[in-house]
Amino acid sequence: MTDLPDNVVITRLDALVNWCRKNSLWPMPFATACCGIELMATGASRHDIARFGAEVFRFSPRQCDLMIVAGRVVMKMMPVLQRIWLQMHEPKWCISMGACASTGGVFDTYAVVQGIDRFIPVDVYVPGCPPRPEQLLQAIIDLQEKIQREGTASGREAFRRRQPPRALVEDPRNPRLVVAGPPLFASSGDEAASDRPAGSETSAT
Amino acid sequence: MASPETLQKLKERFPEAEISEFRGQHRAVVPAGIVHDVLKFLKEEVGLALIIDITCVDYLYYPNARDRFGVVYIVGHPETAERMIIKTFVNDPAPTLPTVTDLWEGANWLEREVWDMFGIRFEGHPDLRRILLPEDFQDHPLRKDYPLQGRGERHNIPVVTRDLG
């Protein structure tokens, strides 16, 4: 190792890829209520989400990897939210911002979904009504730690969640979407468990 | 608030209307059978030509209420800002009123909202569909006998997990 040139660092590829990913999160602002105002404030100059590399808000899910659900989601909006989530590319993450998105908040009524995590995966929850921009920034910092810890360059962890491997089929609810279908190979539960390396995280929501 | 002339004209033409005043607001309670005639008269002969709102009140569990639904029409005068409230009552089963979309095109969505939330049918409405709630919703949620937290509609959504993505 003594002949390693200057300015050369050796690291794991996964760590490098995760470092790139966590410092260039592109948020999809799903802002439905007053939390959206705080989300905008987070993006504005005083709080400046650009310090964390996440300033590129895109309104197309195809270009995003971080969904920020800011505000209450009603049951009529939930299929829209799910569709946008499915349109985002892996690797992707989700922040549930505020009391309403996380639990329904004070809106315990027939129309309001009591926490989006009942219907889509959530990585980080932000408490508050609405949360301060600092809280959202803390959530992004926490998410960055999670990304650095968990991701792999090849997306093995995303594949591993999908035990056993599945065929891609049309979504029965929406023929224009392609989703994971039935298992490709018949296998018992024990085999599927033994495929996982010891100690790997498989409880991704 | 309505001008004395308006109230006088209404009294002469429709003696069965019960006109009352509360804090400067005038309202006339009329039988459901003549509500369309009353509104047409107010629009065409009195000048209250603006439909401001159509809404509804459910008097279920209300003390001393004789009827279940009170449908409220608020009409206004576009020049004098005069206002008048016309109220009528309908009952279960199948509460129905004649539509006023032939008088005001703008009543279309207002009546759809009343249908959506209270289940009052408007006979002759050109397109009486739900306007706010999903099309497959089964109930009329602003009725007092509908539970606040619903009948499971907010939970009856397919779940998207990571391995679907």
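Here, the structure is the one placed above.
The paragraphs below set out a description of the structure included in this document. What you see is a predicted model; the values in this text were computed from it and never measured.

### Some points on the state of the cysteines
What is meant by a disulfide is a covalent connection between two cysteines, made through their sulfur atoms. Residues and elements named next belong to chain A. Applying the stated criterion across every chain yields a total of zero disulfides over all chains. Sulfur of Cys100: no disulfide; nearest cysteine sulfur belongs to Cys129 and is 5.6 Å away. Residue Cys129 is classed as exposed on the basis of its relative accessible area, which comes to 64%.

### Some remarks on the sheet that holds strand β1 (residues 27-31) of chain A
Two orientations exist for strands paired in a sheet by backbone hydrogen bonds: parallel and antiparallel. All names here are of chain A. Taken in spatial order, the four strands of this open sheet run β1-β2-β3-β4, and their pairing is parallel. Edge positions in the sheet fall to β1 and β4 (124-126), since each of these pairs with one other strand and no more. Each neighbouring strand pair of the sheet contributes to a mean axis angle of 15°, computed without reference to strand direction. By the bridge criterion, five bridges tie β1 to strand β2 (residues 66-70) in an arrangement that is parallel. Looking at β2, one finds that Ala31 is bridged to Ala70. Those strands touched by helix α2 (residues 35-43) are β1, β2 and β3 (93-97), and its axis lies near 135° from that of β2. Here helix α5 (residues 133-150) sits on the sheet and contacts β2, β3 and β4; the angle it forms with β3, its principal contact strand, is near 155°.

### As for the interface of chain B and chain A
If you look at the interface, chain B gives 23 residues, while chain A gives 27 residues. Note on chain B versus chain A: buried area summed over both sides is about 2,400 Å², and carbon and sulfur give 58% of it. Looking at side-chain class alone, the side of chain B that touches chain A contains 14 nonpolar, five polar and four charged residues.

### Focus: the environment of Phe52 of chain A
Residues and elements named next belong to chain A. Relative to the assigned elements, Phe52 resides in the loop between α2 and β2. Taking the relative accessible area as the measure of exposure, Phe52 reaches 17% and is therefore buried. Spatially, the C-alpha atoms of Phe52 and Leu137 are 8.2 Å apart, while their sequence positions differ by 85 residues.

Procedures and definitions
- Residues numbered from 1 in each chain as written.
- Chains lettered and ligands numbered in written order.
- Predicted model: local features only at pLDDT ≥ 70, side-chain atom pairs only at ≥ 80, totals over all residues.
- Heavy atoms only, no water.
- Disulfide = S-S within 2.5 Å.
- Buried < 20%, exposed > 50% of the residue type's maximum accessible area, 1.4 Å probe, protein only.
- Pairing = 2+ DSSP bridges.
- Helix = DSSP H or I, 4+ residues; strand = E, 2+ residues; numbered from the N terminus.
- Axes fitted to C-alpha atoms, helices over the stretch in contact; angles between N-to-C directions.
- Contact = heavy atoms within 4.5 Å.
- Buried area = accessible area lost by both parts, 1.4 Å probe.
- Nonpolar A, V, L, I, M, F, W, Y, C, P; charged D, E, K, R; others polar.

Purely spatial values, then, with no claim about function.
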